[in-house]
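Architecture and fold: a report
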Amino acid sequence: MKFHTDYLTFQTSKREEFVLITDQVEQTVKTSGIREGMVLVSAMHITAAVYVNDAEDGLIEDIKEWLHGLAPDKDYRHHRTGEDNGSAHLKNLILHHQVILPVTNGKLDLGPWQQVYYAEFDGQRRKRVVLKVMGE
Amino acid sequence: MKFHTDYLTFQTSKREEFVLITDQVEQTVKTSGIREGMVLVSAMHITAAVYVNDAEDGLIEDIKEWLHGLAPDKDYRHHRTGEDNGSAHLKNLILHHQVILPVTNGKLDLGPWQQVYYAEFDGQRRKRVVLKVMGE
Amino acid sequence: MKFHTDYLTFQTSKREEFVLITDQVEQTVKTSGIREGMVLVSAMHITAAVYVNDAEDGLIEDIKEWLHGLAPDKDYRHHRTGEDNGSAHLKNLILHHQVILPVTNGKLDLGPWQQVYYAEFDGQRRKRVVLKVMGE
């Protein structure tokens, strides 16, 4: 049994920004040499998410607007700590911070339109995603 | 270490339809011969979800109505591509597209009321779920 | 390859209560002797969630209030069965009932602010979370 762990680093130029990472995950799987198994893709922060959906610019804007409606900027209790990112925490919770992707024959076993995204909600600083491949 | 991969195929008669799949997942675990490990149950599409909750018809209707309120049909940017399924993408994101179920003593290690569902939001065409069992 | 399975038991004094469980998950990983792999942390009930976010009391109250807004108490169809916990089912679906945490060098490979929570939405009775560590 093999394990391979990688860390992706992000520093987005905008506070909210979605980054397509499918190729980087695929590359990590290739480097691992693992042919059968799973890869965990998990944000290491509590104001960012990892999700699988469509690489379509209109939809990405729809998702951002929709999340803004469900978790609006407002005066959260959390802001008493000096933070101003309460809505970013809630957006992390809606989208979930991780996915686990099946690896079959050395490749990500995804459907035809499935793409992996890192969704940053409180960026402009260094943040990380852990990738752990596990299999044979 | 063993791996076993199966694909379930769905073609629902209604556009939105929830399908109970616990028995099919259990059968795949049995076929795999794996006694200890985990099984990933993951939709291969971006307008369908996989979730664990109650097999109670009233609740299923509640979930559908609730999702409709959180992700209503409207004129999404995504529809400029010719699609009309923006709300289905958002419902996929709320429910999440996958679960990972523990396997203990050759069985799904679920609580007494936990059932596995495939939630279709843009059906009436062929779609798939990947099942990957991993363990010994 | 090793597997180690543990069950945490909760009986909260309030109907809705969030319990920090990072240390218990860390202890289970230590007991397992597994140095590389993953640990699944999964609620065995359909009215409770497991999530990763900040151990900050104000934010926890924000999350509870926000969930109450997204999944309010009302007369759900589910209540025709005699239950009164429809909103608890929906809150389980928003937060998701499980996380899978990477284990690296014998420790949970989490970011600096990531903490694991059990979120109870229909407590005051005995409920369980399954922990399954898998690795080497």
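That block above? That's the structure.
A few points on the structure. (Residues numbered from 1 in each chain as written. Chains lettered and ligands numbered in written order. Predicted model: local features only at pLDDT ≥ 70, side-chain atom pairs only at ≥ 80, totals over all residues. Heavy atoms only, no water.)

Looking now at the relation of the copies chain C and chain B. Comparison of the two chain copies shows a relationship of rotation about an axis with a shift along it. It takes a turn of 120° to lay chain C on chain B, together with a shift of 0.0 Å along the axis; the resulting RMSD is 0.0 Å. Considering both components of the superposition, the chain copies are consistent with a three-fold axis. Among all residues of chain C, the one whose C-alpha sits closest to the rotation axis is C:I94, at a distance of 3.5 Å. (Least-squares fit on C-alpha atoms with pLDDT ≥ 70 in both.)

So, about the sheet that holds strand β3 (residues 37-43) of chain B. Residue and element names in this part refer to chain B. Reading across the sheet, the 5 strands line up as β1-β8-β3-β5-β6 and stay open at both edges, with antiparallel pairing between neighbours. The sheet terminates laterally at β1 (2-10) and β6 (107-108), the two strands that pair on one side only. Pairing analysis gives 7 bridges linking β3 to strand β8 (residues 127-135), with the strands arranged antiparallel. Bridge pairing in β8 links G37 to G135. (Pairing = 2+ DSSP bridges. Helix = DSSP H or I, 4+ residues; strand = E, 2+ residues; numbered from the N terminus.)

Here we take up the packing of aromatic side chains. Across all of its chains, the model carries 12 aromatic pairs over all chains by this definition. On the numbers, 5.4 Å between centres and 15° between planes, the contact of A:Y51 with A:Y117 is stacked. One end of the pair, A:Y51, is in strand β4 (residues 48-53); the other, A:Y117, is in strand β7 (residues 115-120), with 66 residues separating them in the sequence. By the burial criterion, A:Y51 is buried, and A:Y117 matches it. Ring geometry for B:F18 versus B:F121: centroids 5.8 Å apart, planes at 85°, classification edge-to-face. In this pair, B:F18 is assigned in strand β2 (residues 17-20) and B:F121 in the loop between β7 (115-120) and β8, connecting sequence segments 103 residues apart. Residue classification places B:F121 among the buried residues on the basis of a relative accessible area of 4%. The structure contains a cluster of three or more aromatic residues connected by ring pairs, namely A:F18, A:Y51, A:Y117 and A:F121. If you follow B:R128 out to its NZ or CZ, it ends over the ring of B:Y7, 4.8 Å from the centre. Sitting over the face of the ring of C:F18, C:K64 holds its NZ or CZ atom 5.1 Å from the ring centroid. (Phe/Tyr/Trp six-rings, centres within 6.5 Å; stacked < 30°, edge-to-face > 60°. Buried < 20%, exposed > 50% of the residue type's maximum accessible area, 1.4 Å probe, protein only. Lys NZ or Arg CZ within 6 Å of the ring centre and 35° of its normal.)

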